[in-house]
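The lines below spell out each chain.
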Amino acid sequence: MKSGEMKSKFFSHSRLSAFEQCKLKYKFRYIDKIIPEMEKTIESHLGKVVHSTLEWLYRQIKNGFVPTVDEVIFYYSKAWKEEYEEGIPIIKKGLDSEHYFNKGVQFLINYYTEHKPFDDNTIDVEKEIELSLDDTGEYKIRGFIDRLAMNPKTGEYEVHDYKTSGNFPSNEDIENDRQLALYAIGIKEIYGKEKDVKLIWHYLSFNKKIHSKRTDEQLENLKKETLKLIKEIEATKNFEPTKSSLCHWCEYKPICPAWGNKPPERQTELGDF
Ligand code: SF4
């Protein structure tokens, strides 16, 4: 970097979400950079392996080869085993890893059946996106789009996102979704402000696809709101815990004082909970 050049600060949607969920979790992960003993839960393992399988599928298709559904499931099974770590927590009572493995198989079979022959002109998978929230480029968002397609007839770009969670979103959730809307800004920065961008969520647990769009005005407002949130993060001195049902899936619960556990020694500035 040349002297006098500004160093950009990068944020991601998941980083912002961590702060919104629990400031202490944010501090553990992004300030103290504590590596938890177990980063995964069975749900995150399932999500990761389903995502990597769909990434593999579309990479094959881009190379001119359409795998069979059996080949897709074979890839998934192999990735599931290779990435599985002994002791992955299964929070929901009465369920085992086989239950989650089978869920993934079903997601992929349904997705494959619904989308074959995969002719929606996918142009990239796991596409890295970067966008500026301000005119100076000081604050930037970086993320990865699960899949980017472009409709050659309309010239419209499609940002595809795969969801493996068992919660179906409300209309309000979709209208307020920040992640894909931020990626739409990034797409417009790359391909042109006038381009239309469609946001598409694949809720695999429900075998349902949801579409939405944002106006340019909404995207401008989103930039402002996101910047405001980042300034709030930067101004935060007291990283209080927020206890909720989501704590059961938090990788820092074993060191969280809100659950009566002992944080590492250097967490001296934490208050009483
Ligand atoms: S367990 Fe809950 S309160 Fe503690 S850091 Fe995680 S999310 Fe925050």
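Refer to the structure above for everything that follows.
Peer 1: Would you take a moment to explain the nonpolar core for this structure?
Peer 2: The nonpolar side chains of a soluble globular protein tend to be buried, and buried together. By size, the foremost hydrophobic cluster in this structure holds 19 residues, and its most contacted members are Val 159, Tyr 183 and Ala 184. Going through the elements one at a time, strand E3 (139-150), strand E4 (157-163), helix H7 (179-191) and strand E5 (197-203) are the ones with two or more residues in this core. Looking at which element gives the most residues to this core, the answer is H7, with 7 residues. Excluding residues that lie within four positions of it along the chain, Ala 184 makes contacts with Val 159, Val 197, Leu 199, Arg 214 and Leu 219.

Peer 1: Sorry if this is basic, but what is going on with the environment of Val 159 here?
Peer 2: Mapped onto the secondary structure, Val 159 falls in strand E4. Residue classification places Val 159 among the buried residues on the basis of 24 C-beta atoms within 10 Å. Non-local contacts of Val 159, meaning those with residues more than four positions away in its chain, are made with Ile 145, Leu 148, Leu 180, Tyr 183, Ala 184, Ile 187, Val 197, Leu 199 and Ile 200.

Peer 1: Mind showing me how you'd approach the packing of helix H4 (residues 69-83) against helix H5 (residues 97-115) here?
Peer 2: Packing of H4 against H5 leaves a shortest axis separation of 10 Å and a crossing angle of 150 degrees. Here H4 is positioned roughly antiparallel relative to H5, judged by the angle of their axes. The handedness of the crossing between H4 and H5 is right-handed. Facing Val 69, Val 72, Ile 73, Tyr 76 and Trp 80 of H4, the residues of H5 in contact are Phe 101, Gly 104, Val 105, Leu 108, Ile 109 and Tyr 112.

Calculation criteria
Residues numbered from 1 in each chain as written. Predicted model: local features only at pLDDT ≥ 70, side-chain atom pairs only at ≥ 80, totals over all residues. Core = buried A, V, L, I, M, F, W, Y, C linked by C-beta atoms within 7 Å. Buried ≥ 20, exposed ≤ 12 C-beta atoms within 10 Å, placed from the backbone. Helix = DSSP H or I, 4+ residues; strand = E, 2+ residues; numbered from the N terminus. Contact = placed C-beta atoms within 7 Å. Axes fitted to C-alpha atoms, helices over the stretch in contact; angles between N-to-C directions. Parallel < 35°, antiparallel > 145°, perpendicular 65-115°, else oblique. Left-handed = near helix turned anticlockwise from the far one by under 90°.

That is the geometry; function is a separate question.
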